[in-house]
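Next come the chains, spelled out residue by residue.
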Amino acid sequence: MEKNNLEKLENLMSKKYKKQISFQQLQKEFLKNDDVRIEYIKTELEKAYNEKNGDSVYILILAIYMFKLYSEKFVDILCKLTKEEWHGKHEDIVFYLQQLELPSTIDCIYELATSNFEKYRWDDNFALVRKCCFALGDINTPKAKEKLELLLQSEEETIREHAMEQLNRCDFTNKDVE
């Protein structure tokens, strides 16, 4: 694949979803290795952020998951994206950050939990907040506990329940190493 643009990436991923190509074929056709893929996707996410292009964010987040690219190199741009309402990948981003379990993402996750974006106001189950609480619980540090305790002060009973669920589940003995 000489020219690695989003359209080609999207087409290859679509073929993979439709089982028209194997994962190995997808890897072979999209860049040389995971390090190069990470750099490409990170650069494209930054471009999508600057252009406020939700469609590109959607494709790139799918690519991160499809290629199983768990890298701290994405943290800065993903945290920037959590502050923006113009895309619809907040839940996927917080799930990704949850998998990384990095203390450096605690503030980002907490800010997302308290963001009050218009598009999530209809959800009286607070699914996004629950995912944020799980991410904080999995990070499992004293600072994560502190953020969950702040969520206990919410006016919303469901948010308080989500925070308490994690406070009861975790021991918060991991170190706050950023």
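Here the structure is a predicted model, which is why all the values come from computation and not from measurement.

1. Digging into the overall build of the protein chain
Scanning the protein chain from terminus to terminus reveals 10 helices and 0 strands. Since a compact globule built from 178 residues should have a radius of gyration of about 16 Å, the 18 Å found for the protein chain is in line with a globular shape. Counting all 178 residues of the protein chain, 45% fall into the buried class. Here the contacts in the protein chain between residues at least 6 apart in sequence split such that 71% fall between residues at least 24 apart. Of the charged side chains in the protein chain, 27 are positive and 34 negative, and the gap between their average positions amounts to 7 Å.

2. Description of the side chain of H87
If you trace the backbone, H87 turns up in the loop between α5 (75–82) and α6 (90–100). For H87, a relative accessible area of 2% corresponds to the buried category. In terms of polar contacts, H87 uses its side chain to reach the backbone carbonyl oxygen of L81, at 2.6 Å. Within the local environment of H87, its side chain forms a polar contact with the backbone oxygen of E84, the two atoms lying 3.5 Å apart. Residue contacts for H87: discarding those within four places in its chain leaves G54, V57, L81, T82, I93 and K119.

3. Some points on the pattern of salt bridges
Tallied over the full model, the rule gives 11 salt bridges. Three or more residues joined by partner-sharing salt bridges are found here, namely D107, K143 and K147.

4. Points about the confidence of the model for the protein chain
In low-pLDDT segments, the atomic positions of the prediction should not be examined closely. Overall, the predicted model of the protein chain reaches an average pLDDT of 92, with 94% of residues at or above 70. Ranking the helices and strands of the protein chain by mean pLDDT puts α5 first, with 98, and helix α2 (residues 23–29) last, with 92.

5. Points about helix α4 (residues 54–66)
Note: α-helices contain 3.6 residues per turn, so residues at a spacing of three or four share the same orientation. Helix length check: α4, at 13 residues, gives a terminal C-alpha distance of 18 Å against a target of 18 Å (1.5 Å per residue), a fit within 8%. Burial in α4 covers these residues: S56, V57, I59, L60, I61, A63, I64 and M66. Considering only its buried residues, α4 is in contact with α1 (6–17), α2, α3 (34–51), α5 and α6. With a side-chain oxygen lying 3.1 Å from the backbone nitrogen of D55, the N-terminal cap of α4 falls on N53. Looking one or two places after α4, you find K68, whose phi comes out positive at around 55°.

6. Examining unusual backbone geometry
For N116, which is not glycine, the phi dihedral falls at a positive 60°. Phi angles above zero are rare outside glycine, and N140 is one such case at about 60°. Mapped onto the elements, N140 comes out in the loop between α8 (127–139) and α9 (142–151). Judged by relative accessible area, which is 12%, N140 ranks as buried.

Rules used in this analysis
- Residues numbered from 1 in each chain as written.
- Predicted model: local features only at pLDDT ≥ 70, side-chain atom pairs only at ≥ 80, totals over all residues.
- Heavy atoms only, no water.
- Helix = DSSP H or I, 4+ residues; strand = E, 2+ residues; numbered from the N terminus.
- Rg over C-alpha atoms; globule rule 2.2 N^0.38 Å.
- Buried < 20%, exposed > 50% of the residue type's maximum accessible area, 1.4 Å probe, protein only.
- Contact = heavy atoms within 4.5 Å.
- Lys, Arg positive; Asp, Glu negative; His and termini not counted.
- Charge placed at Lys NZ, Arg CZ, Asp CG, Glu CD.
- Polar contact = N/O pair within 3.5 Å; in protein donor to acceptor, adjacent residues only side chain to side chain.
- Salt bridge = Lys/Arg side-chain N within 4 Å of Asp/Glu carboxyl O.
- pLDDT = per-residue confidence, 0-100.
- Expected span 1.5 Å × (residues − 1).

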